Amino acid sequence: MKSRDDSSRTILVVDDEESIRFLYREELEDEGYRVITAADGEEALRKLRKDGPDLVTLDIRMPGMDGIEVLHRIREMDKKIPVIMSTAYGEYRHDFNVWASDAYVIKTANLDELKAHIKRLLGDDD
Amino acid sequence: MSSSSQHRLLSGEILKAFQVSSDPQVQLSRTAQALAGWLGADVCLLYVLEMESGRFLLRGRSGPVSSEGIASNPEEEGRLLETTRAGALQLWASRSGSPCPLPGPSGKGLRSAAVMPVEWRGRPVAVMAVGFRKRARVPEGTAQDMASVSGALAPLVRGSLSRYYQTRMNEIAGVLLRVSERLSALSDVQACLAHIARTGAQLTESSGSVLRIQGENGLKVRAFFAGNLPGTTAIDTPNDLPFAREALEKGRTVQVDAPGLAPGDGGRPVRHNLLCIPFEERGGDRGVLCLFDRKHGEEPLPYTRLERETARALLRVGMNSLYQIGRENEVRRMTTSLQRRVRELTLLHRISRAVIDREDITRLLRSILETVTSVEGYGFDRAFLFLHDPQEQTLRGHLGVASGERLTHDSRDGEAGPQGPRVLDEMISGLTIPVRRDSGILARTVLEQRSFRMRLPSDQDLVGEEVVRHLGNVPSFATVPLLSESRVLGVIWVDNLRSARPIEAEEYQLLKSAAAQAGLAVERSFQAAALEQLNSQLVELRNRLMQWEKMAALGEMAASVAHDIRNPLVSIGGFTRRLRNLLPDDDRGRKYADIIIQEVNRLERTLANVTSYARSYGVVNRSPVSLYGLLSECAGLFRENFRKKQVTLRQDLGRGIPEISLDERQIKQAVINVLFNAGEAAAEHSEVVLSAGARELDRGPGVVISITNQGEGIDPRDLQRIFRPFFTTKGTGTGLGLAIAQRAVSGHGGEIRVDNRHGEGVTFNICLPIAPIPGPGSDG
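Residues numbered from 1 in each chain as written. Chains lettered and ligands numbered in written order. Predicted model: local features only at pLDDT ≥ 70, side-chain atom pairs only at ≥ 80, totals over all residues. Heavy atoms only, no water.

Draft legend 1. Representation of the overall build of chain B. Within chain B one finds 17 helices and 26 strands. Every one of the 780 residues in chain B was classed for burial, and the buried ones make up 47%. Contacts spanning at least 24 positions in sequence make up 65% of the contacts within chain B whose residues lie at least 6 apart. Of the roughly 39200 Å² of accessible surface on chain B, 52% is carried by carbon and sulfur atoms. (Helix = DSSP H or I, 4+ residues; strand = E, 2+ residues; numbered from the N terminus. Buried < 20%, exposed > 50% of the residue type's maximum accessible area, 1.4 Å probe, protein only. Contact = heavy atoms within 4.5 Å. Areas by Shrake-Rupley, 256 points an atom, 1.4 Å probe, with all protein chains shown as cover.)

Draft legend 2. Looking closely at the packing of aromatic side chains. All names here are of chain B. As enumerated under the stated definition, the model contains four aromatic pairs over all chains in all. Here the aromatic rings of Phe477 and Trp493 are separated by 4.4 Å at their centres, their planes lie at 10°, and the arrangement is stacked. Highlighted residues: Phe477 in strand 18 (residues 477–484) and Trp493 in strand 19 (residues 487–495), separated in sequence by 16 residues. Across the pair, exposure class does not vary: Phe477 and Trp493 are buried alike. Seen from their ring centres, Phe723 and Phe764 are 6.4 Å apart, and the 80° between their planes marks the pair as edge-to-face. Of this pair, Phe723 sits in the loop between strand 24 (700–710) and helix 17 (737–747) while Phe764 is found in strand 26 (residues 761–769), placing the two residues 41 residues apart along the sequence. (Phe/Tyr/Trp six-rings, centres within 6.5 Å; stacked < 30°, edge-to-face > 60°.)

Draft legend 3. Geometry of unusual backbone geometry. Residue and element names in this part refer to chain B. Positive phi, normally seen in glycine, also occurs at Gln393, with a value near 55°. If you trace the backbone, Gln393 turns up in the loop between strand 14 (382–389) and strand 15 (394–402). Look at Gln449: it is not a glycine, yet its phi comes out positive at around 50°. Inspection of the secondary structure puts Gln449 in the loop between helix 10 (441–447) and strand 17 (452–454).

Draft legend 4. Quick look at the interface of chain A and chain B. On the chain B side, the residues contacting the 20 residues of chain A number 19 residues. Across the chain A to chain B interface the summed buried area is about 1900 Å²; carbon plus sulfur atoms make up 55%. Counting the contacts that link chain A with chain B gives three salt bridges. Here the side of chain A that touches chain B takes seven residues from helix 1 (residues 18–30) of chain A, the largest share from any one element. The residue inventory of the side of chain A that touches chain B, partitioned by class, reads seven nonpolar, five polar and eight charged. (Buried area = accessible area lost by both parts, 1.4 Å probe. Salt bridge = Lys/Arg side-chain N within 4 Å of Asp/Glu carboxyl O. Nonpolar A, V, L, I, M, F, W, Y, C, P; charged D, E, K, R; others polar.)

Draft legend 5. A look at helix 4 (residues 142–185) of chain B. Here helix 4 of chain B spans 60 Å end to end across 44 residues, near enough to the 64 Å set by a 1.5 Å rise per residue. Where helix 4 of chain B bends most, at Leu153 of chain B, the angle is about 35°, and the proline Pro155 of chain B comes one to four residues later. (Expected span 1.5 Å × (residues − 1). Bend = angle between axes of the 7 residues up to and from the residue.)

Draft legend 6. Expanded view of the pairing of strand 5 (residues 123–132) of chain B. Residues and elements named next belong to chain B. In terms of burial, strand 5 is a largely internal element, eight of the 10 residues being buried. Pairing analysis gives nine bridges linking strand 4 (residues 112–120) to strand 5, with the strands arranged antiparallel. Residue pairing for strand 5: Met116 is matched across the bridge by Met128. The turn linking strand 4 back onto strand 5 is made up of two residues, and Arg121 within it adopts a positive phi angle of 50°. (Pairing = 2+ DSSP bridges.)

Draft legend 7. Here's a closer look at the sheet that holds strand 14 of chain B. Residues and elements named next belong to chain B. Reading across from one edge, 16-15-14-19-18-17 is the order of the six strands in this open sheet, with antiparallel pairing throughout. Across the chains shown, the open sheet's two edge strands, defined by having one partner strand only, are strand 16 (432–434) and strand 17. Strand-to-strand twist in this sheet, taken as the mean axis angle between neighbours without regard to direction, amounts to 25°. Bridge analysis of strand 17 against strand 18 gives three bridges, and the strand direction is antiparallel. (Axes fitted to C-alpha atoms, helices over the stretch in contact; angles between N-to-C directions.)

Draft legend 8. A look at the environment of Gln90 of chain B. Residue and element names in this part refer to chain B. With respect to the helices and strands, the residue Gln90 is situated in strand 3 (residues 90–93). Here Gln90 falls in the partly exposed class, since its relative accessible area comes to 33%. Counting along the chain gives 27 residues from Gln90 to Pro117, while the straight-line C-alpha distance between them is 9.1 Å.

Draft legend 9. Representation of the sheet that holds strand 24 of chain B. Residue and element names in this part refer to chain B. Sheet architecture is open: five strands sit in the order 21-23-24-26-25, paired in mixed fashion. Lying at the two open borders of the sheet, with one neighbouring strand each, are strand 21 (648–653) and strand 25 (751–757). In this sheet, neighbouring strand axes are inclined to one another by 20° on average, regardless of whether the strands run parallel or antiparallel. In the packing of helix 15 (residues 627–644) onto the sheet, contacts are made with strand 21, strand 23 (687–697) and strand 24, and the angle to strand 21 comes to roughly 170°.

Draft legend 10. Local environment of the side chain of Ser86 of chain A. All names here are of chain A. Note that Ser86 resides in strand 4 (residues 83–87). For Ser86, a relative accessible area of 2% puts it in the buried group. In terms of polar contacts, Ser86 uses its side chain to reach the side chain of Tyr24, at 3.0 Å. (Polar contact = N/O pair within 3.5 Å; in protein donor to acceptor, adjacent residues only side chain to side chain.)

Draft legend 11. Up close: the pairing of strand 19 of chain B. Residues and elements named next belong to chain B. For strand 19, the tally of buried residues reaches eight of nine residues, placing the bulk of the element in the interior. Here strand 14 pairs with strand 19 via six bridges, running antiparallel. Within the sheet, the bridge partner assigned to Ala383 lies in strand 19 and is Val494. Pairing analysis gives eight bridges linking strand 18 to strand 19, with the strands arranged antiparallel.

Draft legend 12. Looking closely at the environment of Val491 of chain B. All names here are of chain B. Locating Val491 in the fold gives a position in strand 19. Distance in space between the C-alpha atoms of Val491 and Phe384 is 8.2 Å, their sequence separation being 107 residues. With residues up to four places along the chain from it excluded, the contact list for Val491 reads Phe384, Leu385, Phe386, Leu395, Leu442, Thr445, Val446, Thr479, Val480, Pro481 and Leu482.

Draft legend 13. Molecular detail of the pattern of salt bridges. Scanning the model with the defined rule gives 30 salt bridges over all chains in all. The salt bridge involving Arg578 of chain B is made with Glu27 of chain A; its shortest N-O contact spans 2.9 Å. Taken together, the residues Arg578 of chain B in helix 13 (residues 505–582) and Glu27 of chain A in helix 1 connect one chain to another. The residues Arg578 of chain B and Glu27 of chain A share a single accessibility class, namely buried. Ionic pairing is found between Asp59 of chain A and Lys107 of chain A, a salt bridge with its closest N-O pair at 3.5 Å. Of the two residues, Asp59 of chain A is situated in the loop between strand 3 (55–58) and helix 3 (67–77) and Lys107 of chain A in the loop between strand 5 (103–106) and helix 4 (112–121); the sequence distance between them amounts to 48 residues. Of the residues examined, Asp59 of chain A reaches a relative accessible area of 1% and is grouped as buried.

Draft legend 14. Quick look at a nonpolar patch on the surface. Taken together, the side chains of Leu531, Leu534, Leu538 and Leu541 of chain B present a nonpolar region at the surface, about 420 Å² in accessible area. As for its placement among the helices and strands, Leu531 of chain B is situated in helix 13. (Patch = residues over 30% accessible without salt bridge, like charges linked within 9 Å, V, L, I, M, F, W, Y side chains within 5 Å.)

Draft legend 15. Up close: the packing of helix 2 (residues 24–39) of chain B against helix 4 of chain B. Residue and element names in this part refer to chain B. Relative to each other, helix 2 and helix 4 sit at 170°, their axes nearing to 11 Å. With respect to each other, helix 2 and helix 4 are oriented roughly antiparallel. Judged by residue contacts, Pro24, Gln27, Leu28, Thr31, Leu35, Trp38 and Leu39 of helix 2 engage Thr142, Asp145, Met146, Ser148, Val149, Leu153, Val157, Ser160, Leu161 and Tyr164 from helix 4. The class makeup of the residues in the contact of helix 2 with helix 4 is 11 nonpolar, five polar and one charged. (Parallel < 35°, antiparallel > 145°, perpendicular 65-115°, else oblique.)

Draft legend 16. Main features of the confidence of the model for chain B. Residue and element names in this part refer to chain B. Averaged over chain B, the pLDDT score is 78; the fraction of residues at 70 or greater is 81%. Looking at the elements of chain B, mean pLDDT is at its lowest for strand 9 (residues 260–261), recorded as 52, and at its highest for strand 26, recorded as 91. Throughout residues 231–236 the model reports pLDDT below 50, and contacts reaching past four residues in sequence, or to other chains, amount to four contacts. Every residue in residues 773–780 scores below 50 in pLDDT, and together they form 11 contacts with partners more than four places removed in sequence or on other chains. Under the prediction, the complex receives an ipTM of 0.83, its pTM being 0.37. (pLDDT = per-residue confidence, 0-100.)

Structure representation (structure tokens):
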């Protein structure tokens, strides 16, 4: 478990479910990341601009702007920032709209897969 | 010369003559003998008036009876009649130059004669004639003597004749009546003829009789009776044939009195009395009944009109019976023929109705063989069926039935049939005949698509060496092809090995029509089977469509439910994990938390299965995938899980596994599901092996992913069902894991093969063909 310091990476967790946001924050902070959260697309885009996170986890089904639209907006602003689609649905996996993302995970209580993707995308996996 | 004592003596002799016998011929001959002696005459003849005809017939004579017999000629009778008309004694002397009044040979060599009518109540009933050879004139007193005898003789003659005739007529009428009854009860022509011969002899007091029927080669003895003639056998027949021929040719009765000379035919001597009466059956045969040796004691007697008439009456009765028997036999024949026709039609009908499955066809074919060999059918000794294999160009022995094997009651009645081993089936089961021109009659039946009937012993080359060896050297047989459209399904062989009876045209015809019907039935069953197959395909297609629709609806529902359930599950599971890690190692709460985590895992898996099964009807999105990477990833997911159960997961993945184009997610899911089951079913402390390698599959190159566990294996009873959706033995699963795996694999044109070693473990082989790697934009 890494300690929090200034060099720690910032991850933006976008999910409309509060308990999911809380779980991700706790789990990822334990992994040594700084975690900021957003409950919808608007907030996510705002925090992206303001806080400049290193990675985004993005839910797809959300009230208002959905995750796919948010992904498009993110890519308009920043072509390089890693985005992990994190969703309860498997069927978007082959939707060409999500090809612009860097990974696709189906939400599960075991966050090992998500953490592995984050590690890989942030180049920390060695 | 006459005296009263002599007169008395004569009266006594005459009375005695009439007492000794009731036969007028005996009575009158004895009387004539006595008269001749009394009158010193060389010959004495007694003619009696036959009332029916008004003719005088010679009924008694002194001396031996000659062949002249009773058949006196009408001219001579006419002269006698004149004599009687005169009502007085006629004397004749040869010197006078007038013809002798005594007819026939009896009159020959006489120098004088006297003829005297015998009157009864003023009407003549008889004529008495005497002749002298040495006296130029009739001696004096003869006239008076004759007159005196005449008075006494008249009542005796009358009474005797009428009594005799009455009695005989009654007897004969009674006998004829019985004969007619007896004959009408007979149903056999031969028995009827024998009865006529026997009764004819008895009624006419004959020693025996011969009944002849005109055949192609002349008159043949059909019945013979020698019961009244001791020591006579069929071989020792009286020489009746020439007279019988004469009777048949002239269409009238021929009579021969013996001993004497035969009329015509060079006057050969005959030893027997003969009466040959021709007859003609109504619309039938012609023949002759010859009665012989009418005798009274040792005394041979000529046949009289009574016997002739009796015999004729008997023949009329007999012919009637023969006609009836003929009719009855014809009716019987027709009935038999009708019954046979009904059986044929029944058989054909049964064949034409019989459908549908192959078992029925075999039963039907056996039933045909049984019918043609049954006694009620055509009674061929044996029947065999050979089946044609068009691929191998052979005929193979299939069924065999011998005459006398019990008929199955009905072609549909499966259980009935001969019990015990079917000997003839076995006899030809090993017989395989190549269908070539030179391999004998069975092959020719196939090649020429025609039937053969052999009525004579045929040489081995024609029948075929193989066939002769198996079926024996059969004297008469027939072969019939079993045709369905233009295909030869087989050949039916029938033969008469035992009886050697030739095969009749009618039987051959039935066999051919039965075979034709059977061919049609088989054809129909093929069509029915094809229809059935088509139908089942349609049903399956419809079921799959319905399944698709159901699954599509389920998929939509599952997707919407999944979202709502998955998020709370993520939270429950995720926080429980955190909670667990906060607890000290020895806290009981850890165990509780573990249970929650475990159950959440299960729920997530169920959710994944349900949504992925619902979705798996979708397209296969192929892309080039490293199978090594895919499998390592799957194994990684399970390692921890297996360790808990102390099951080792061993990877045996060669680096040489080729890159393959497939839908990664689907195949991954398939491998995961199989691995999951393998772990679940593995025995504790055992090993699960995941291996993969390039392999040549049935339809080309491919890869096989093998997952082997050690454990109980699958119950063989469940083996058929493990891939069915919702089939589970675990009680906790959805029963979708293997269904999803199979669908994913078959979507890739592959298959999952199960190598089940009950009690040892199972290997699931996921076989995937290496499909061409699709270009960009294509999604397989």
